[in-house]
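# Descriptive analysis of the structure
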Amino acid sequence: MSSEAFENARLMYEEHMRTCRQCHVDTVPCAVSKHLLRICNNARRELLRTSGRGAAQA
């Protein structure tokens, strides 16, 4: 379930970066991009935590 959440978040972020005019043309990401990246990072952290890799690094 965590891997699916991470993949969905990653795909949403990448899709946004390809289709958003501001993100695609400008070097400064828009607020939506920052929000989607935060969601993607949180999902990645949760995936690492639930797979046991996060416990080994701590």
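Residues numbered from 1 in each chain as written. Predicted model: local features only at pLDDT ≥ 70, side-chain atom pairs only at ≥ 80, totals over all residues. Heavy atoms only, no water.

## Considerations on the overall build of the protein
- Each helix and strand in the protein was counted, giving four helices and zero strands.
- The 58 residues of the protein split such that 21% are buried.
- Contacts spanning at least 24 positions in sequence make up 44% of the contacts within the protein whose residues lie at least 6 apart.
- Of the roughly 4500 Å² of accessible surface on the protein, 57% is carried by carbon and sulfur atoms. (Helix = DSSP H or I, 4+ residues; strand = E, 2+ residues; numbered from the N terminus. Buried < 20%, exposed > 50% of the residue type's maximum accessible area, 1.4 Å probe, protein only. Contact = heavy atoms within 4.5 Å. Areas by Shrake-Rupley, 256 points an atom, 1.4 Å probe, with all protein chains shown as cover.)

## Quick notes on the confidence of the model for the protein
- Looking at the protein, pLDDT values average 87 and 88% of them are 70 or higher.
- Across the protein, the element-wise mean pLDDT spans from 50 in helix H4 (residues 53–57) up to 94 in helix H3 (residues 31–51). (pLDDT = per-residue confidence, 0-100.)

## What about the side chain of Ser33?
- Within the secondary structure, Ser33 sits in helix H3.
- Setting aside residues no more than four positions away along its own chain, Ser33 makes contact with Tyr13, His16, Met17 and Cys23.

## Let's talk about the packing of helix H1 (residues 2–19) against H3
- Contact pair H1 / H3: the axes reach a minimum separation of 8 Å and the direction vectors enclose 160 degrees. Judged on the interaxial angle alone, H3 and H1 are roughly antiparallel. The handedness of the crossing between H1 and H3 is left-handed. Seen from H1, the contacting residues are Ser2, Ser3, Ala5, Phe6, Ala9, Arg10, Met12, Tyr13, His16 and Met17; seen from H3, they are Val32, Ser33, Leu36, Leu37, Ile39, Cys40, Ala43, Arg44, Glu46, Leu47 and Thr50.
- Looking at the contact of H1 with H3, its residues break down into 13 nonpolar, five polar and three charged. (Axes fitted to C-alpha atoms, helices over the stretch in contact; angles between N-to-C directions. Parallel < 35°, antiparallel > 145°, perpendicular 65-115°, else oblique. Left-handed = near helix turned anticlockwise from the far one by under 90°. Nonpolar A, V, L, I, M, F, W, Y, C, P; charged D, E, K, R; others polar.)

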